[in-house]
Amino acid sequence: MQKFVNYLSFIPWLLYCIELSRNAIRIVNTTKTDKEWLKKNFFNIFRFDSLILIAIFIFFTTSYHKANQIWLVEVLLFSAINLYLYFNSYYDKNKSDYRIDTKDLSTILIILIIFLIPLIYFICTNQILITYYILFGYSFLNFVIVYIAKKINDFIIKLIIKRKNED
């Protein structure tokens, strides 16, 4: 039962990261992301509210790690924080109605592969707390992950086009 609850706690994180990724894909596809743009939008990319909630989670897990029901607190707090951030993203003024297009599918595939890494780590090691820390890091650095995935995707497409032209 405990393992099932652990897997269930990943769902709010996944919903929140999907929403963040959709907005990040829109930004990467529609704007020129240079240093000037990064300076202007730094606090829109790296959200201060999520940083505070992550700090609260870290405080509880490090301060009360010997408590009797710390596993339950970890699972509930992780899920509640991600649910709050997911529902709060609907009230974000920078939210858009960007629709994912077929040209974005390869980028999404790369993002999903990157998102599977911590889940595979949990399946292999069964260390839920470290997995939660990694997942919070993924959600905080989501824009960077999407940006890197987009650059990897562009590089792969250039290689494919170059190979087609050589043949």
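Up top is the structure these notes are about.
As the structure is a prediction and not an experimental result, all values here were calculated from the model. (Residues numbered from 1 in each chain as written. Predicted model: local features only at pLDDT ≥ 70, side-chain atom pairs only at ≥ 80, totals over all residues. Heavy atoms only, no water.)

Once that is clear, we can look at the packing of aromatic side chains. Across all of its chains, the model carries 18 aromatic pairs by this definition. Consider the rings of F42 and F46, whose centres lie 5.0 Å apart with planes at 50°: the pair is tilted. The class of F42 is partly exposed, set by a relative accessible area of 38%. By relative accessible area, which is 15% here, F46 ends up buried. Centroid distance F115 to Y138: 6.1 Å. Interplanar angle 45°. Geometry classified as tilted. Of this pair, F115 sits in helix α6 (residues 105–125) while Y138 sits in helix α7 (residues 128–140), and the two are 23 residues apart along the sequence. Residue classification places Y138 among the buried residues on the basis of a relative accessible area of 15%. Among the aromatic side chains, those forming a connected cluster through ring pairs are Y7, F10, F57, F78, F122, Y132, Y133 and F136. (Phe/Tyr/Trp six-rings, centres within 6.5 Å; stacked < 30°, edge-to-face > 60°. Buried < 20%, exposed > 50% of the residue type's maximum accessible area, 1.4 Å probe, protein only. Helix = DSSP H or I, 4+ residues; strand = E, 2+ residues; numbered from the N terminus.)

Here the structure, examined in full by the defined rule, presents three salt bridges. Between D49 and R47 there is a salt bridge, with the nearest N and O atoms lying 3.3 Å from each other. Look at R47 and you get partly exposed, because its relative accessible area is 23%. Put simply, D154 and K150 hold a salt bridge, and the shortest N to O gap is 3.6 Å. On the criterion of helical spacing, the pair formed by D154 and K150 is a turn pair, its members being four residues apart in helix α8 (residues 142–166). The class of D154 is partly exposed, set by a relative accessible area of 26%. (Salt bridge = Lys/Arg side-chain N within 4 Å of Asp/Glu carboxyl O.)

On to the nonpolar core. Residues F10, W13, F78, F115, Y132 and F143 are the most contacted members of the largest nonpolar core, which totals 34 residues. Elements with a contribution of two residues or more to this core: α1 (2–30), α4 (48–63), α5 (70–88), α6, α7 and α8. Among the elements that make up this core, the one with the highest residue count is α1 (eight residues). Beyond its immediate chain neighbours, meaning those up to four positions away, F10 contacts F78, L119, F122, I128, T131, Y132 and L135. (Core = buried A, V, L, I, M, F, W, Y, C linked by side-chain atoms within 4.5 Å. Contact = heavy atoms within 4.5 Å.)

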